[in-house]
Amino acid sequence: MKASLGPILYCWPKEKVIEFYTQVAASQIPLVYLGETICSRRRELKFSDYMDLAHMLRDSGKEVVLSTLALLEAPSEYTELKKQVENGEFIIEANDMGAIQAAKENKLPFICGPTINNYNLASLKTLHKWGMQRFVMPVELSKHWLNTVVSVEKPEFEIEIFGHGFLPLALSARCFTARQKGLVKDKCQTICIENPKGLLAQTQESQPLLRLNGIQTQSAACIDLTSELSSMSDMGISYFRVSPSSVSCIEKADKLFELGSQSVQVDDTHCNGYWHQQAGFNHLQI
Amino acid sequence: MELLCPAGNLASLKTALNAGADAVYLGLKNDTNARSFAGLNFTPKKLQEAAQYTKQQGKKIFLTINTFPKPGEEKRWYEAVDIAANTGVDALIIADLSLLDYAHSHYPHLPLHLSVQASATNLGALKLYKEEFNIQRAVLPRVLSMKQVRDLSKVTPVDLEVFAFGSLCIMAEGRCHLSSYVTGQSPNTGGSCSPAKHVRWQEEGENRLTRLNEVLIDKSGIDEQMGYPVVCKGRYTTEHNSTPTHLLESPTSLNTLSLLPELAKANVVSLKIEGRQRSPAYVEQVTQVWRRAIDTYLNNPDNFQTQVEWDRALAKVSEGQTTTLGAYERTWQ
């Protein structure tokens with residue numbers, strides 16, 4: 001099993017994104033996903049900027065995947081998506097069935113991101129037939145689920161686990177970040193830029209619950225499955241994904257396998273419930 | 001334009017048809033549908049009865065098989081498709097790829113509708129399902145603006161169905177894990193959103209505390225009108241604001257009566273009323289109002305106006321007694 005770095009889910013200033021990937025290039029992380037997956041109104045980086053970063057990362061020896069938007073609504077977003085799919089050099093991570101169609105139409109292979117509904121082997125096989133090379137397990141599924149899938153037969157596609165980071169829980173048309181600032185989406189001033197790891201929402205008993213990230217809702221807790229590395233390896237999982245929330249994640253992904261199964265301490269509340277067939281926010285000491 | 005109404009049981013089905021529904025949708029009594037509440041839904045025998053009654057009325061009946069089969073338990077979902085095919089329902093409403101594949105290859109004559117749980121919002125997704133499984137219709141998630149519905153309607157290879165009235169799901173359906181994050185049960189695999197067994201109300205002085213799996217979703221006055229507790233309609237604080245607010249959405253229902261002319265012009269073929277878990281009284285009230293509204297529009301399309309009494313009647317059965325146009329209206333977004 002190897003480490004992968006998921007796409008940045010937040011709106012970071014362009015300089016910060018470039019600095020981030022410059023550091024990624026110097027790391028040992030073999031697989032890097034990049035692209036805007038949440039909101040087409042975030043225009044800090046354009047398609048050409050992502051292509052420049054992709055070239056830079058490829059030249060430093062990384063496998064690069066271009067991640068696509070998770071919720072496609074306007075015709076312009078679908079046009080932009082087709083441009084990504086038809087980039088001619090890099091494989092895409094499809095986060096919507098529309099992206100799968102675009103890849104399939106062009107007879108291009110693709111990766112299925114965590115927001116594609118994959119709940120059984122027959123569906124995975126169908127997607128593989130259409131060109132799926134690897135899938136990121138939907139975050140609410142468990143080790144038990146995966147064991148059941150891989151025990152039937154050895155899959156012909158790779159498996160990646162969302163192993164560390166804030167969980168992508170939901171997508172809406174509504175921009176929650178703009179809303180809590182009293183702004184409407186069409187005049188949002190790209191306010192997401194003020195919350196580099198989303199905006200923490202707590203219950204009225206001060207329990208951290210959610211994280212607002214534009215039209216996306218994330219978990220307040222950070223999933224941490226690093227203690228499961230060796231069992232994941234035994235199950236034949238190919239990649240352990242670290243979802244970036246700060247520069248420190250690069251170091252984390254880089255050192256993941258040197259530290260073995262030891263969990264790395266971070267400030268946020270941790271969770272691992274989904275992996276153990278429980279409520280996602282639970283944290284089981286195992 | 002078809003008026004498509006929910007039927008949680010036979011009584012609701014008959015009520016809906018008598019009140020003017022053109023078609024009804026329903027689910028089997030197990031986790032093959034996303035409304036698997038106790039006491040709801042249809043056994044195969046009741047489904048037969050429902051289909052017979054609906055056909056006698058000259059109306060249509062659609063069976064919802066909109067959860068995603070679990071590995072090792074697929075048989076139950078395939079059987080649901082077999083039952084539907086042998087009962088003579090008019091269409092199946094399906095979300096999962098493997099089930100669409102099964103239904104399309106085993107029963108090519110049986111029309112397939114793409115469930116909202118499949119979360120198809122764009123031309124690419126619709127084309128994929130049309131080309132691969134020959135779906136006839138897609139139910140659009142409640143995330144598109146009216147303009148986006150109109151734009152999609154100009155290029156779609158399949159008929160479009162939209163949610164016209166009922167509970168407002170503000171997330172892209174089929175891709176929301178908020179309920180499973182808190183309760184451990186996924187609506188996608190047969191659990192419902194905010195399963196009732198995890199809901200607990202607690203009175204504390206002047207306040208009522210609403211808990212979901214012990215997480216405090218909301219704190220309200222004893223007399224305050226509250227909707228069914230779901231994570232997205234709770235009141236929370238943020239790092240920057242300690243006043244609890246509805247950060248995502250307040251308890252309210254979707255009501256698109258005023259959009260009826262626009263939806264008709266966009267060639268939307270079916271208007272869906274949400275609420276299989278609601279009472280026959282709800283179904284009757286909502287169906288009657290929508291029947292009148294659609295007939296009024298069809299009789300005189302150029303002069304359609306929403307009637308105050310329609311909105312009043314619908315507000316009575318709405319969450320928090322308020323309604324919204326939701327994502328159809330750009331300013332809501």
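Numbers given to residues run from 1 along each chain, matching the order in which its sequence is written. Written order decides the labels, with chains lettered from A and ligands numbered from 1. Local features in a predicted model are, by the rule used here, given only for residues with pLDDT of at least 70; side-chain atom pairs are given and counted only at 80 or more, and totals for whole chains, interfaces and linings are based on all residues. Excluding hydrogens and water, the side-chain figures rest on all heavy atoms present in the structure.

Caption draft 1: Region of the structure containing the overall build of chain B. Every helix listed is a DSSP run of H or I at least four residues long, and every strand listed is a run of E at least two residues long, numbered separately from the N terminus. The secondary structure content of chain B amounts to 10 helices and 14 strands. Along the first, second and third principal axes, the C-alpha atoms of chain B reach 60 × 55 × 40 Å. When the accessible surface of chain B is totalled, it reaches about 12,300 Å², and 46% of it is carbon and sulfur. In chain B, 35 side chains carry a positive charge and 35 a negative one; their mean positions are 2 Å apart. Reported accessibility uses the Shrake-Rupley method at a 1.4 Å probe radius. Residues are deemed covered only where the shown protein chains occlude them. By the counting scheme adopted, Arg and Lys are positive, Glu and Asp are negative, and His together with the chain ends is not counted. Taken as the charge location is NZ of Lys, CZ of Arg, CG of Asp or CD of Glu.

Caption draft 2: View of the environment of V24(B). Residue and element names in this part refer to chain B. Among the structural elements, V24 can be located in strand 2 (residues 23–27). Spatially, the C-alpha atom of V24 lies 14 Å from that of R278, the residues being 254 residues apart in sequence. Any pair of residues with heavy atoms lying within 4.5 Å of one another is described as a contacting pair. Not counting chain neighbours up to four residues away, the residues in contact with V24 comprise L4, C5, L13, A16, L17, T54, K60, I61 and F62.

Caption draft 3: How the structure looks around helix 3 (residues 75–85) of chain A. Burial classes follow relative accessibility: with a 1.4 Å probe on protein chains only, a residue under 20% of its type's maximum area counts as buried, one over 50% as exposed, and anything between as partly exposed. Every buried residue of helix 3 of chain A is listed here: E77(A), Y78(A), L81(A), Q84(A) and V85(A). Angular distribution of buried residues about the axis of helix 3 of chain A spans 110°; they occupy a single face of the element. Along helix 3 of chain A, exposed side chains directed more than 90 degrees from the buried face belong to S76(A) and T79(A). Close packing links the buried residues of helix 3 of chain A with helix 2 (47–59), strand 3 (63–67), strand 4 (91–94) and helix 4 (97–105) of chain A together with helix 5 (123–133) of chain B. The directions from the helix axis to the C-beta atoms form the arc being described.

Caption draft 4: The arrangement of the pattern of salt bridges in detail. All names here are of chain B. Salt bridges, as used here, are contacts in which a Lys or Arg side-chain nitrogen is within 4 Å of a carboxyl oxygen on Asp or Glu. Tallied over the full model, the rule gives 41 salt bridges over all chains. A salt bridge links E2 to R137, with the nearest nitrogen and oxygen atoms 2.9 Å apart. Here E2, found in strand 1 (residues 2–6), pairs with R137, found in strand 6 (residues 137–139); they are 135 residues apart in sequence, far enough to count as distant. Considered together, E2 and R137 belong to a single accessibility category, that of buried residues. We note a salt bridge from E79 to K75, for which the minimum N-O separation is 3.5 Å.

Caption draft 5: Structural detail: the confidence of the model for chain B. Across chain B, the average pLDDT comes to 95, with 100% of residues at 70 or higher. Across the predicted assembly, pTM comes out at 0.97 and ipTM at 0.96. The pLDDT score gives, residue by residue, the confidence of the prediction method on a 0 to 100 scale.

Caption draft 6: A look at the packing of aromatic side chains. Residue and element names in this part refer to chain A. Two aromatic rings, drawn from Phe, Tyr or Trp (for Trp, its six-membered ring), form a pair once their centres lie within 6.5 Å of each other, and the interplanar angle then sorts them: stacked below 30 degrees, edge-to-face above 60, tilted otherwise. Across all of its chains, the model carries 13 aromatic pairs over all chains by this definition. With a centroid separation of 6.4 Å and an interplanar angle of 70°, the aromatic rings of F135 and W145 are classed as edge-to-face. Of the two residues, F135 is situated in strand 6 (residues 132–136) and W145 in helix 6 (residues 143–152); the sequence distance between them amounts to 10 residues. Linked through ring pairs, W12, F20 and Y21 together constitute an aromatic cluster. Sitting above the plane of the W130 ring, K104 keeps its charged end 5.4 Å from the centroid. Lying over the aromatic face of Y33, R241 brings its terminal NZ or CZ to 4.1 Å of the ring centre. To sit over a ring, a charge needs its Lys NZ or Arg CZ within 6 Å of the ring centre and within 35 degrees of the ring normal.

Caption draft 7: Looking closely at the interface of chain B and chain A. On the chain A side, the residues contacting the 67 residues of chain B number 67 residues. Both sides of the chain B and chain A interface together cover about 5,500 Å² of buried area, and 56% of this is carbon and sulfur. Three residues stand out in chain B for area buried against chain A, namely R175(B), H177(B) and Y181(B), and they jointly supply 16% of the buried area on that side. Two N or O atoms form a polar contact when they lie within 3.5 Å of each other; inside protein one atom must be a possible hydrogen donor and the other a possible acceptor, and for residues adjacent in sequence the pair counts only when both atoms belong to side chains. Inspection of the chain B/chain A interface yields 41 residue pairs in polar contact (both at pLDDT 80 or more). Considering every element that reaches the side of chain B that touches chain A, the biggest residue donor is helix 5 of chain B, with 9 residues. The residue makeup of the side of chain B that touches chain A, split by class, is 28 nonpolar, 23 polar and 16 charged. Pairing geometry for strand 8 (residues 199–202) of chain A and strand 11 (residues 237–238) of chain B, over 2 bridges, is antiparallel. Accessible area that two parts lose when put together, with a 1.4 Å probe and added across both, is what the buried area reports. Each residue gets one label: Ala, Val, Leu, Ile, Met, Phe, Trp, Tyr, Cys and Pro are nonpolar, Asp, Glu, Lys and Arg are charged, and the others, such as Gly, are polar. Two strands pair under a simple rule: DSSP has to find at least two bridges between them.

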